[in-house]
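Listed below are the residues making up each chain.
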Amino acid sequence: KKKIAWIHADFLATKLATVKNQKTYKNFDQIVSVSQSCMSNFKAAYPSLADKCTYCYNCVPIDEILQKASARQNVFIRNENTLILFSACRLVEEKGLVPALENLLPLWENGMDMKWYIAGDGIERETLEQNIRNYHLEDKVILLGFLENPYPYFKEADFLFLPSRHETFSMVVSEAHILGTH
């Protein structure tokens, strides 16, 4: 009988604060955001809906993540000193992947033994592939595509690399934390 909306986006940063969306959310009895900051920005976007707002962090299935992380081992090709960055995200502009690749260039040019594995798919895949070819980084930046089970990669990576332009409450940060990835 009650209509509850689940908000997993920052309505100010993503420019979702439209009149059309306001009309839609007005029809809900309660609006639940994934974090306090997400809720605050929603309220700032739609002050008239503030009394309907609350927040609740995403549920993270810890036991399932730990079990799935053990399904595979040695998922990365590396030397003893290779630093592994891992990203799991949609390949879209707001994830900041193309600028991040360009910002990492000086490290590779100065001889740093580092690889960046990216799991996910999206409309920026072709742009990333083109930049990887243009900068001759085929052995440094590896696009894995969509992974049904990314957790072995989280577990074996040295660092989760999240170059997003904005995030609300990133599930990948929680998942990496569970698996001990920096």
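Analysis parameters
- Residues numbered from 1 in each chain as written.
- Predicted model: local features only at pLDDT ≥ 70, side-chain atom pairs only at ≥ 80, totals over all residues.
- Heavy atoms only, no water.
- Phe/Tyr/Trp six-rings, centres within 6.5 Å; stacked < 30°, edge-to-face > 60°.
- Helix = DSSP H or I, 4+ residues; strand = E, 2+ residues; numbered from the N terminus.
- Buried < 20%, exposed > 50% of the residue type's maximum accessible area, 1.4 Å probe, protein only.
- Axes fitted to C-alpha atoms, helices over the stretch in contact; angles between N-to-C directions.
- Parallel < 35°, antiparallel > 145°, perpendicular 65-115°, else oblique.
- Left-handed = near helix turned anticlockwise from the far one by under 90°.
- Contact = heavy atoms within 4.5 Å.
- Nonpolar A, V, L, I, M, F, W, Y, C, P; charged D, E, K, R; others polar.
- Lys, Arg positive; Asp, Glu negative; His and termini not counted.
- Salt bridge = Lys/Arg side-chain N within 4 Å of Asp/Glu carboxyl O.
- Polar contact = N/O pair within 3.5 Å; in protein donor to acceptor, adjacent residues only side chain to side chain.
- 1 Å grid on protein atoms, 1.4 Å probe; cavity = no way out; pocket = protein on both sides within 12 Å on 5 of 7 lines; lining within 4 Å.
- Points joined across faces, edges and corners; volume = space filled by probe spheres on them.

Colleague: If you had to explain the packing of aromatic side chains to someone new, which residues and values would you point to?
Modeller: Under the counting rule described, the total for this entry stands at 14 aromatic pairs. Judged by centre distance (5.6 Å) and plane angle (80 degrees), the rings of Phe-11 and Tyr-25 are edge-to-face. Of the two residues, Phe-11 sits in the loop between β1 (4-7) and α1 (19-25) while Tyr-25 sits in helix α1, which places them 14 residues apart along the sequence. Here Phe-11 falls in the buried class, since its relative accessible area comes to 4%. Relative to Tyr-153, the ring of Phe-86 has its centre 5.8 Å away and its plane inclined at 20 degrees; by these criteria the two rings are stacked. Placement of Phe-86 in strand β4 (residues 83-88) and of Tyr-153 in helix α6 (residues 151-156) is noted, with a sequence separation of 67 residues between them. The class of Tyr-153 is buried, set by a relative accessible area of 7%. Cluster of aromatic residues (ring-pair linked, three or more members): Phe-76, Phe-86, Tyr-117, Tyr-151, Tyr-153 and Phe-154.

Colleague: Provide a residue-level description of the packing of helix α4 (residues 97-109) against helix α5 (residues 125-134), including the pertinent values.
Modeller: Contact pair α4 / α5: the axes reach a minimum separation of 10 Å and the direction vectors enclose 15 degrees. Accordingly, the angle class assigned to the pair α4 and α5 is roughly parallel. The hand of the α4/α5 crossing is right-handed. Touching Leu-97, Val-98, Leu-101 and Glu-102 of α4 are Thr-127, Leu-128, Asn-131 and Ile-132, all from α5. In terms of residue class, the contact of α4 with α5 is made up of five nonpolar, two polar and one charged.

Colleague: Give me the side chain of Lys-115: which residues, what numbers.
Modeller: In this structure, Lys-115 sits in strand β5 (residues 114-119). With no salt bridge to any partner, buried Lys-115 finds its closest opposite charge in Asp-139, at an N-O distance of 6.2 Å. At 3.3 Å, the side chain of Lys-115 and the backbone oxygen of Ile-77 are in polar contact. Aside from chain neighbours lying at most four places away, what touches Lys-115 is Ile-77, Thr-82, Leu-83, Ile-84, Leu-85, Asp-139, Lys-140 and Ile-142.

Colleague: An account of the pattern of salt bridges is needed here, citing residue identities and associated values.
Modeller: Counted by the stated rule, this structure contains five salt bridges. With a shortest N-O distance of 3.0 Å, Lys-68 and Glu-64 are connected by a salt bridge. Of the two residues, Lys-68 and Glu-64 are both situated in helix α3 (residues 62-69); the distance of four residues between them amounts to about one turn of the helix. Judged by relative accessible area, Glu-64 falls into the partly exposed class, the value being 38%. Here Glu-129 ties to Arg-125 by a salt bridge, and the two come within 3.0 Å at their closest N and O atoms. Within this pair, Glu-129 and its partner Arg-125 are both found in helix α5, separated by four residues, close to a single helical turn.

Colleague: Tell me about the layout of surface pockets, and name the residues and values.
Modeller: Approximately 570 Å³ is the volume attributed to the largest pocket. If you trace the largest pocket, you find 29 residues lining it, with Ala-88, Cys-89, Arg-90, Lys-95 and Val-172 closest to the centre. For the lining of the largest pocket, the elements supplying multiple residues, two or more each, are α6 and α7 (171-178). At three residues, the largest contribution of residues to the lining of the largest pocket is made by α7.

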